[in-house]
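Take a look at the letters that make up each chain.
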Amino acid sequence: MPPHIAVLNGPNLNLLGEREPEVYGRTSLAEIERATRERARALGVECSWVQTNHEGELVEAIQGLKGRSDGAVINAAAFTHTSLAVRDALLAVRVPFVEVHLSNIFAREPERRRSLLADLAVGVVTGFGPESYRLGLEGIVGYLKAR
Ligand code: DQA
């Protein structure tokens, strides 16, 4: 069975393309999903895709990784900076993941420079726009192959 990678997206990412384009660019989440799925196919991995604006749904999606996904690419959006519940879910399932962000969170407001998830991640990709997803996918797939 090919490895399964879950891509999880948090709040407001459904508005990509129209939301603060000077920060996040003009590419929609649907376009990022298409490109990510294509890349996954080329890498020989299966990929699932979730976007939710609700913290509890993100927690449940993370809980659902156990026994189903070999790895994950996670853009928890604002929950990155605020959610102990998301952190606890990641601690509970212990599925390897790469944290991704379109913008460079370290070049932004102080409250965005802190991630409650990053120390649990295999690695973090931040600041490459939609390419962050491709780099994150390649990162997690490479990590799983090397293991
Ligand atoms: C983001 C960065 C977060 O600070 C912000 O809350 C987002 C998007 C990014 O991809 O750059 O919603 O995760």
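For the structure itself, look to the data block above.
Rules used throughout
- Residues numbered from 1 in each chain as written.
- Predicted model: local features only at pLDDT ≥ 70, side-chain atom pairs only at ≥ 80, totals over all residues.
- Heavy atoms only, no water.
- Axes fitted to C-alpha atoms, helices over the stretch in contact; angles between N-to-C directions.
- Helix = DSSP H or I, 4+ residues; strand = E, 2+ residues; numbered from the N terminus.
- Parallel < 35°, antiparallel > 145°, perpendicular 65-115°, else oblique.
- Contact = heavy atoms within 4.5 Å.
- Nonpolar A, V, L, I, M, F, W, Y, C, P; charged D, E, K, R; others polar.
- Buried < 20%, exposed > 50% of the residue type's maximum accessible area, 1.4 Å probe, protein only.
- Arc of directions from axis to C-beta.
- Polar contact = N/O pair within 3.5 Å; in protein donor to acceptor, adjacent residues only side chain to side chain.
- Pairing = 2+ DSSP bridges.
- Core = buried A, V, L, I, M, F, W, Y, C linked by side-chain atoms within 4.5 Å.

Enquirer: Can you explain the packing of helix H3 (residues 55-63) against helix H5 (residues 84-93)? Please cite residues and give values.
Expert: Where H3 meets H5, the axes come as close as 9 Å, and the angle between the chain directions of the two elements is 10°. Taken together, the axis directions place H3 and H5 in an arrangement best described as roughly parallel. Each of Glu55, Leu58, Val59, Ile62 and Gln63 in H3 lies in contact with H5, whose residues at this interface are Ala85, Val86, Ala89, Leu90 and Val93. Of the residues assigned to the contact of H3 with H5, the class counts are eight nonpolar, one polar and one charged.

Enquirer: An account of H5 is needed here, citing residue identities and associated values.
Expert: Listed as buried for H5 are Val86, Arg87, Ala89, Leu90 and Val93. For H5, the angular spread of the buried residues around the axis is 160°, confining them to a single face. Exposed side chains of H5 directed beyond 90 degrees from the buried face belong to Leu84 and Ala92. Looking at the buried positions of H5, the neighbouring elements they touch are H3, strand S3 (71-75), helix H4 (79-82) and strand S4 (97-101). N-cap assignment for H5: the residue whose side-chain oxygen lies 3.4 Å from the backbone N of Ala85 is Ser83. One or two steps after H5, the chain reaches Arg94, where phi turns positive at roughly 55°.

Enquirer: Go over the environment of Val7 with me, naming the residues and quoting the values.
Expert: Checked against the element boundaries, Val7 lands in strand S1 (residues 4-9). A sequence separation of 87 residues divides Val7 from Arg94, and the C-alpha atoms of the two residues are 15 Å apart. Apart from the residues lying within four places of it in its own chain, the contact partners of Val7 are Thr36, Cys47, Ser48, Trp49, Val50, Val73 and Tyr133.

Enquirer: Requested: an account of the side chain of Ser132, with residues and values cited.
Expert: In this structure, Ser132 sits in helix H6 (residues 131-146). Here the side chain of Ser132 touches His101 through a polar contact of 2.8 Å, landing on its backbone oxygen. Discounting residues that sit within four places of it in the chain, Ser132 has contacts with Val100, His101, Leu102, Val125, Thr126 and Gly127.

Enquirer: Report on the pairing of S1, specifying residues and quantitative values.
Expert: Taken across its six residues, S1 has six buried, putting it largely inside the fold. What you see with S1 is no split at all: His4, Ala6 and Leu8 on one side and Ile5, Val7 and Asn9 on the other are buried throughout. Relative to strand S2 (residues 46-51), S1 runs parallel, the two sharing six bridges. Bridge pairing in S2 places Leu8 opposite Val50. With five bridges connecting them, S1 and S3 associate as parallel partners.

Enquirer: Before we move on, can you summarise the nonpolar core with the specific residues and values?
Expert: Of all hydrophobic cores here, the largest spans 22 residues; its most connected members are Ile5, Leu13, Leu16, Val73, Leu102, Tyr133 and Ile140. Listed by contribution, the elements that provide at least two residues to this core are S1, helix H2 (29-43), S2, S4 and H6. Element by element, the count of residues in this core is highest for H6, at five residues.

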